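Given next are the chains, with one letter for each unit.
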Amino acid sequence: MIGRTTPSPVEPDPFGPEHRTPRWRPAVKLASVVLPVCLIGWLGWQAVANSSRDVTAHPAVSPHYAEGDRVDADALPSDSPAPDGSPSASAAAPSSAPAGAAGTADRPLAGKTVLLDPGHNTANGKHTAEINRKVDIGNSHKECDTTGTSTNAGYSEAEYTLDVVHRARQILQDRGATVVLTQDGDRPWGPCIDERARIGNEAKADAAVSIHADGAPASGSGFHVIMPAKVVAGPADTSAIVDPSHRLGVLLRDAFKAGTGEPTSSYIGQQGLDTRSDLGGLNLSKIPKVFIECGNMRNTGDAKRMSDPEWRQRAAQAVADALTSYLTG
Ligand code: ZN
């Protein structure tokens, strides 16, 4: 977590003209002692807040780069389920959490910004030329985006990821967070993986989670969390995010396993954790970020669970709980 101390509720504006009125002379004397102390405290808090913010306040990354999945990039049939017909206009728009507010018991994430990245796009299959364009991810070039996978029954990964993100967004907003999305079903395709990272960087989000589902051989099951490897190449430099992303990844692995009952992956990673250097969404991130492959859509059991709205709510709850633990721990 990027630590930020909780400020005392000191108002920085104690110098109104009424304090100089003679009939308030005793108050002036008291103020002459108390106010400088308050001012110093307030300035100190500002310094801490600015300092912690600077951790993520890197300039925008190069306009080049990408992301993608190792095994879930099976091409979705072009006649796959249509995009949801009611796109929201709030893509990439922050929620209404008050800026600069400090966390409270009811709203522990007040003042925090979270990036949620719904993997792929339901309409990518209709824009193959655009999403096949290569982008620079620092240590290589990859496709701008991919179609993602789907269950054998035709439930697409892109529909799944957007649904889970919507559910997680609500929980996080209820806890006071500002939630930024990379896409909200309102774009014709993409965004490209480099833009997905850039959106989080420019939002100066405190943490980011990219939601995916895998398309591995049907015999494999379970979920896994993907964390960034150290990559320093071209526009990529993950040096500053490797450690905090690992902490977020472990929290997410534990929360997801406990919250959904889904076992960790039987076919990839170790104990539900994997580290990769080939994902643009991680390579180009300047903010702590992990991916989660919530299950294998080609596996019968996983597909059944991921197709169940109640299970998706538990998945979203787990994502929100992990982010909350990370941001308040
Ligand atoms: Zn994916």
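Residues numbered from 1 in each chain as written. Predicted model: local features only at pLDDT ≥ 70, side-chain atom pairs only at ≥ 80, totals over all residues. Heavy atoms only, no water.

### A short note on unusual backbone geometry
Generally, phi is negative for residues other than glycine and the peptide bonds are trans, each holding for most cases.
Next, step 1: A cis amide bond links glycine 190 with the next residue in sequence, proline 191, at an omega value of 5°.
Next, step 2: Within the secondary structure layout, proline 191 lies in the loop between strand E4 (178-181) and helix H4 (193-202).
Next, step 3: We note that glutamine 271 has phi near 50°; this positive angle belongs to a residue other than glycine.
Next, step 4: Its place among the elements puts glutamine 271 in the loop between helix H5 (242-260) and strand E9 (273-276).
Next, step 5: Exposure remark for glutamine 271: the relative accessible area of 64% places this residue in the exposed category. (Helix = DSSP H or I, 4+ residues; strand = E, 2+ residues; numbered from the N terminus. Buried < 20%, exposed > 50% of the residue type's maximum accessible area, 1.4 Å probe, protein only.)

### Here's the deal with the packing of aromatic side chains
To describe a pair of aromatic rings, one takes the distance between the centres and the angle between the planes.
Next, step 1: Counted according to the given criterion, the structure contains three aromatic pairs.
Next, step 2: Aromatic pair phenylalanine 256 and tryptophan 311: ring centres 5.9 Å apart, planes at 80°, arrangement edge-to-face. Placement of the pair is phenylalanine 256 in helix H5 and tryptophan 311 in helix H8 (residues 309-328), with a sequence separation of 55 residues.
Next, step 3: Among the aromatic residues, ring-to-ring pairing joins Phe223, Phe256 and Trp311 into one connected group. (Phe/Tyr/Trp six-rings, centres within 6.5 Å; stacked < 30°, edge-to-face > 60°.)

### Let's talk about the packing of helix H3 (residues 157-174) against H8
Next, step 1: It is at 8 Å that the axes of H3 and H8 come closest, and there the two elements cross at 50°. When the interaxial angle is binned, H3 and H8 end up oblique. Where H3 crosses over H8, the two elements pack in a sense that is right-handed. In contact with Tyr160, Asp163, Val164, Arg167, Ala168, Ile171 and Leu172 of H3, H8 contributes Pro309, Trp311, Arg312, Gln313, Ala315, Ala316, Gln317, Val319, Ala320, Leu323 and Thr324.
Next, step 2: Each residue belonging to the contact of H3 with H8 can be placed in one class, and the counts come to twelve nonpolar, three polar and three charged. (Axes fitted to C-alpha atoms, helices over the stretch in contact; angles between N-to-C directions. Parallel < 35°, antiparallel > 145°, perpendicular 65-115°, else oblique. Left-handed = near helix turned anticlockwise from the far one by under 90°. Contact = heavy atoms within 4.5 Å. Nonpolar A, V, L, I, M, F, W, Y, C, P; charged D, E, K, R; others polar.)

### Structural notes on the pairing of strand E5 (residues 207-214)
Next, step 1: Within E5, eight of the eight residues are buried, leaving the element largely enclosed by the surrounding structure.
Next, step 2: Pairing of strand E1 (residues 113-118) with E5, which is carried by five bridges, proceeds in the parallel orientation. The partner of aspartate 117 across the bridge, within E5, is serine 210.
Next, step 3: Of the strand pairs in this sheet, E5 and strand E10 (residues 289-296) are connected by six bridges, and their pairing is parallel. Counterpart to histidine 212 in the pairing with E10 is glutamate 293. (Pairing = 2+ DSSP bridges.)

### Topic: the pattern of salt bridges
Next, step 1: Applying the stated criterion to the full structure yields eleven salt bridges.
Next, step 2: A salt bridge links aspartate 117 to arginine 196; its shortest N-O distance comes to 2.8 Å. Of this pair, aspartate 117 sits in strand E1 while arginine 196 sits in helix H4, and the two are 79 residues apart along the sequence. Across the pair, arginine 196 and aspartate 117 agree in class, each one buried. (Salt bridge = Lys/Arg side-chain N within 4 Å of Asp/Glu carboxyl O.)

### Quick notes on the confidence of the model for the protein
Next, step 1: A residue-level look at the protein finds 69% of positions with pLDDT of 70 or above and a mean pLDDT of 79.
Next, step 2: Taken as a whole, residues 1-68 scores under 50 in pLDDT and shows 95 contacts with residues more than four places along the chain or in a different chain.
Next, step 3: Considering only residues more than four positions removed or in separate chains, one finds that residues 72-99, a stretch of pLDDT under 50, has 62 contacts. (pLDDT = per-residue confidence, 0-100.)

### Points about the environment of isoleucine 268
Next, step 1: With respect to the helices and strands, isoleucine 268 occurs in the loop between H5 and E9.
Next, step 2: Separated by 48 residues in sequence, isoleucine 268 and glycine 220 place their C-alpha atoms 8.7 Å apart.

### Quick word on the nonpolar core
Generally speaking, nonpolar side chains in soluble globular proteins are found buried as a group.
Next, step 1: Formed by 40 residues in total, the largest nonpolar core has its most connected members in Leu116, Tyr160, Leu172, Val209, Ile211, Ile292 and Leu323.
Next, step 2: Put simply, the parts of the chain that give this core at least two residues each are E1, H3, E4, E5, strand E6 (224-228), H5, E10 and H8.
Next, step 3: With ten residues, the top contributor of residues to this core is H8.
Next, step 4: Apart from the residues within four sequence positions on either side, tyrosine 160 is in contact with Tyr155, Ile211, His212, Ala213, Cys294, Met297, Met306, Trp311, Arg312 and Ala315. (Core = buried A, V, L, I, M, F, W, Y, C linked by side-chain atoms within 4.5 Å.)

### Re H8
Next, step 1: Its 20 residues place the ends of H8 28 Å apart at the C-alpha level, agreeing with the 28 Å of an ideal helix rising 1.5 Å per residue.
Next, step 2: Residues Trp311, Arg312, Ala315, Ala316, Ala318, Val319, Ala320, Ala322, Leu323, Thr324, Tyr326 and Leu327 constitute the buried set of H8.
Next, step 3: Buried residues along H8 sit against E1, H3, E5, H5, E10 and helix H7 (300-306).
Next, step 4: Two or three places before glutamate 310, at the start of H8, stands the capping residue aspartate 308, its side-chain oxygen 2.9 Å from that residue's backbone nitrogen. (Expected span 1.5 Å × (residues − 1). Polar contact = N/O pair within 3.5 Å; in protein donor to acceptor, adjacent residues only side chain to side chain.)

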